[in-house]
Amino acid sequence: MGGNTMIPKSVLFALILFFIVIVITYSIKSGTVDIRSNFFNLSLYQLNDSTHCHIPSPLLVYMYDLPPRFNVGMLHRRFANDTPVTSRTLPGWPKNSGLMKQHSVEYWMMASLLYEDNGTDATREAIRVLDPDSADVFFVPFFSSVSVNVHGRNMTDPETEVDRQLQADILKFLRESSYWQRSSGRDHVIPMHHPNAFRFLREEVNTSILVVADFGRYPKTMANLTKDIVAPYVHVVDSFIDDDPPDPYQSRTTLLFFRGRTLRKDDGKIRAKLVKIFEGYEDVHYEQSFASSDAIKASTQGMRSSKFCLHPAGDTPSSCRLFDAIVSHCVPVIVSDKIELPFEDDIDYSEFSIFFSFDEALAPGYVVTQLRQFPKEKWLQMWRLLKNISHHYEFQYPPKKEDGVDMIWRQVKQKLSTAKLSIHRNRRLKIPDWWR
């Protein structure tokens with residue numbers, strides 16, 4: 001009897017399965033398919049999809065317990081004993097401190113380590129540890145910038161001897177620390193934000209991670225971008241909170257604004273030259289002014305009503321004016337050939353600032369022409385971006401995620417590998433820095 005021979009389904013399924021196994025086995029051995037890789041990639045995707053994002057561990061910072069005379073005692077006389085300040089005894093930053101506030105990053109860094117945040121440490125860039133052996137870096141809470149302002153700003157003032165003695169005392173303290181000795185201070189963080197901070201003995205701590213405003217008064221062998229941190233000035237004008245007009249461009253009626261001292265030293269001499277460059281323009285406000293509470297209020301209003309804010313170099317390449325402009329959402333116009341800017345590995349200043357060289361700025365009519373021709377849509381993009389990034393330049397207590405002090409600690413964390421490299425090399429080199 002003729003007809004087709006039917007293959008049982010079970011046999012057919014076994015044949016198909018056998019064929020698949022043969023193909024997969026051959027593919028794995030020949031290297032054409034990596035089924036293990038595909039499987040684990042899928043598992044990893046599912047794991048990431050079902051769990052929270054990985055949060056990098058915070059920087060572990062040991063802060064030396066120094067007597068208040070090295071820090072808050074210079075701000076508040078009630079700290080007369082040698083008991084180190086705590087989160088409970090930390091005083092607020094003085095409200096009427098004037099321009100001293102602009103170099104106050106040392107206070108905010110100390111305050112951020114003192115802050116006790118009830119278990120949310122994982123979201124912060126740095127936390128304090130009480131065991132020095134567990135620390136990544138060591139913070140020295142010496143208010144060297146405050147000392148410049150409090151103890152004789154003029155070098156001929158006898159009061160500067162107090163500043164000199166404080167520096168000598170802190171240096172003696174550090175040299176007696178076994179943790180300083182083991183690294184020669186390379187893993188120690190020392191704020192020196194004022195250009196004259198630590199003015200007498202700064203060469204003695206030049207291996208440390210320095211927190212500076214710029215490198216204008218430092219030789220390259222002492223401070224540089226490889227090991228040190230450029231920190232922003234603390235703005236002195238009030239932040240522009242409710243900046244949301246129907247037409248931001250038209251609401252700012254002044255094209256270019258500058259208000260400040262025009263007679264400065266070094267690169268700041270350009271300010272006096274710019275007086276003549278900007279004369280006669282109705283939409284340009286360029287005014288000589290000295291620091292006072294009324295002057296700060298006038299600058300606040302001026303920046304908020306201007307499209308662009310001029311930032312020429314001061315006695316050093318930087319000044320507080322840039323950061324006043326940022327929190328006022330006034331597009332910065334930077335005229336400084338040697339300026340270094342904070343957080344540049346995270347922030348691209350060219351996206352919300354305009355840069356001119358000294359030669360360009362001193363060319364009659366050049367800057368004004370460029371700004372008048374600047375497209376409105378491009379300006380609006382910069383204005384929106386300024387609003388989005390201005391929180392990176394806020395200093396406050398309690399500290400907040402990605403505010404100014406949090407960003408500084410992030411920078412310290414990024415310098416850690418360089419510091420460790422230097423520490424390890426120094427331990428075995430017979431001739432230090434032989435390649436220089």
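For the structure given in this document, a descriptive report is provided here.

Criteria and thresholds
Residues numbered from 1 in each chain as written. Predicted model: local features only at pLDDT ≥ 70, side-chain atom pairs only at ≥ 80, totals over all residues. Heavy atoms only, no water. Helix = DSSP H or I, 4+ residues; strand = E, 2+ residues; numbered from the N terminus. Buried < 20%, exposed > 50% of the residue type's maximum accessible area, 1.4 Å probe, protein only. Contact = heavy atoms within 4.5 Å. Areas by Shrake-Rupley, 256 points an atom, 1.4 Å probe, with all protein chains shown as cover. Pairing = 2+ DSSP bridges. Axes fitted to C-alpha atoms, helices over the stretch in contact; angles between N-to-C directions. Patch = residues over 30% accessible without salt bridge, like charges linked within 9 Å, V, L, I, M, F, W, Y side chains within 5 Å. Salt bridge = Lys/Arg side-chain N within 4 Å of Asp/Glu carboxyl O. Lys, Arg positive; Asp, Glu negative; His and termini not counted. Charge placed at Lys NZ, Arg CZ, Asp CG, Glu CD. Core = buried A, V, L, I, M, F, W, Y, C linked by side-chain atoms within 4.5 Å. Expected span 1.5 Å × (residues − 1). Arc of directions from axis to C-beta.

1. Notes on the overall build of the chain
At step 1: When helices and strands are counted, the chain shows 14 helices and eleven strands.
At step 2: Within the chain, buried positions represent 49% of all 436 residues.
At step 3: Considering only residue pairs separated by 6 or more positions, the chain has 67% of its internal contacts joining residues 24 or more positions apart.
At step 4: Total accessible area computed for the chain in this model is approximately 23300 Å², and 54% of it derives from carbon and sulfur atoms.

2. Here we look at the sheet that holds strand β8 (residues 284–288)
At step 1: Ordered in space as β8-β7-β9-β10-β11, the five strands form an open sheet in which the pairing is parallel. In this open sheet, the two strands that pair with only one neighbour each are β8 and β11 (354–356). The mean inter-strand angle of the sheet, taken between neighbouring strand axes irrespective of direction, is 20 degrees.
At step 2: Sheet topology note: the strand β9 (residues 306–312)/strand β10 (residues 331–335) ladder contains five bridges and is parallel. Looking across to β10, one finds that cysteine 309 is bridged to proline 332.
At step 3: Its contacts with the sheet place helix α8 (residues 270–277) against β7 (254–260), β8, β9 and β10, and it is angled at close to 140 degrees to β9.
At step 4: Running over the sheet, helix α13 (residues 376–389) touches β9, β10 and β11 and is turned about 100 degrees from β10.

3. A short note on the sheet that holds strand β5 (residues 209–212)
At step 1: The strand order across the open sheet formed by six strands is β2-β1-β3-β4-β5-β6, and the pairing between neighbours is parallel. Where the open sheet ends on each side, the last strands, each with one partner, are β2 (126–128) and β6 (229–230).
At step 2: Where strand β1 (residues 59–63) and strand β3 (residues 137–139) come together, three bridges link them in parallel fashion. What sits directly across from valine 61, in β3, is valine 137.
At step 3: Where helix α14 (residues 404–428) meets the sheet, it contacts β1, β2, β3, β4 (188–191), β5 and β6, and its direction lies at approximately 95 degrees from that of β1.

4. Some points on a negative patch on the surface
At step 1: A grouping of Glu344, Asp345, Asp348 and Glu351 is seen on the molecular surface, where their side chains present a negatively charged patch.
At step 2: The topology assignment puts aspartate 348 in the loop between β10 and β11.

5. Considering the nonpolar core
At step 1: Counting residues in each nonpolar core, the largest one holds 112 residues, and the members touching the most others are Leu256, Phe278, Phe308 and Trp409.
At step 2: Here this core takes eight residues from helix α3 (residues 105–114), the largest share from any one element.

6. Things to note about the pattern of salt bridges
At step 1: Applying the stated criterion to the full structure yields 15 salt bridges.
At step 2: The partner of lysine 227 in a salt bridge is aspartate 228, and the shortest N-O contact between them spans 2.7 Å. Each member of the pair, lysine 227 as well as aspartate 228, is classed as buried.
At step 3: Look at the salt bridges and you will find they share partners, linking Glu125, Asp346, Glu402, Arg410 and Lys413 into a network.

7. Brief notes about helix α5 (residues 160–175)
At step 1: Here α5 contains 16 residues, and its C-alpha end-to-end distance of 23 Å stays within 8% of the 22 Å for a straight helix at 1.5 Å per residue.
At step 2: By the burial criterion, the buried members of α5 are Thr160, Asp163, Leu166, Gln167, Ile170, Leu171 and Leu174. Buried residues along α5 cover an arc of 130 degrees about the axis, so they all sit on one side.
At step 3: Of the surrounding elements, those touching the buried residues of α5 are α4 (144–150), α6 (178–183) and β4.

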